[in-house]
Amino acid sequence: MRLTRFTDLALRVLMRLAVEETDLPTTREVAAAMEVPYTHTAKVVAKLQHLGLVEARRGRGGGLALTGAGRSASVGGIVRELEGAGDVVDCDGTTPCPLRSACILRGALRRAQEAFFAALDPLTVNSLVAAPTGPLLLGIAGPRAHSPG
């Protein structure tokens, strides 16, 4: 199973926001700290807002903040939501596989995909930023970086 770049960036944005203690970084600052294009980051932030995981505040003193739901959200649940419920392989695509009605592999891949998600279920966004990850994220937070401690 391989995550899309969108899901990968979403998880990194959530982790970055989880270590923020006082300042609210802007989408541009998060994009710069993660070294990804602003437009991609803005799309990710919009989706995370829609899911209730991130709050964006406008104006002076504004920025991005992780919500309580975002802190305690299951990583498996987030990945399921962002990746969708599609199969690992597209057996019914433009050229349907002739084996699809009696294929053992399709079911096995579906079970493997669910096992992948299930392995992520016990993790929360907060648990992803425990040491050593959290302090490292603070070190790459960008211009308004905090020093740990």
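Everything here concerns the structure above.
Read on for a plain summary of the structure. It should be emphasised that the depicted structure is a prediction, and the values quoted were computed from it without experimental measurement.

**Here we look at the nonpolar core**
Okay, step 1: Among the nonpolar cores identified, the biggest contains 32 residues, and Val 13, Leu 14, Leu 17, Leu 48, Val 54, Leu 66 and Ile 78 are the most heavily contacted of them.
Okay, step 2: Listing elements by their share of this core, those giving two or more residues are helix H1 (5–18), helix H2 (27–34), helix H3 (38–50), strand S2 (63–66), helix H5 (75–83), helix H6 (104–120), helix H7 (125–128) and helix H8 (133–139).
Okay, step 3: With 8 residues, the top contributor of residues to this core is H1.

**Side note on the pairing of S2**
Okay, step 1: Strand direction decides the pairing type here: strand S1 (residues 54–57) and S2, joined by 4 bridges, are antiparallel. Counted as the bridge partner of Arg 57 is Gly 63 from S2.

**Things to note about the side chain of Gln 113**
Okay, step 1: Along the chain, Gln 113 falls in helix H6.
Okay, step 2: Those residues in contact with Gln 113, other than ones at most four positions away along the chain, are Met 1, Gly 86, Asp 87 and Val 88.

**Things to note about unusual backbone geometry**
Okay, step 1: Omega for the peptide link from Ala 131 to Pro 132 comes to 10°, which places this bond in the cis form.
Okay, step 2: Locating Pro 132 in the fold gives a position in the loop between H7 and H8.

Parameters and conventions
- Residues numbered from 1 in each chain as written.
- Predicted model: local features only at pLDDT ≥ 70, side-chain atom pairs only at ≥ 80, totals over all residues.
- Heavy atoms only, no water.
- Core = buried A, V, L, I, M, F, W, Y, C linked by side-chain atoms within 4.5 Å.
- Buried < 20%, exposed > 50% of the residue type's maximum accessible area, 1.4 Å probe, protein only.
- Helix = DSSP H or I, 4+ residues; strand = E, 2+ residues; numbered from the N terminus.
- Pairing = 2+ DSSP bridges.
- Contact = heavy atoms within 4.5 Å.

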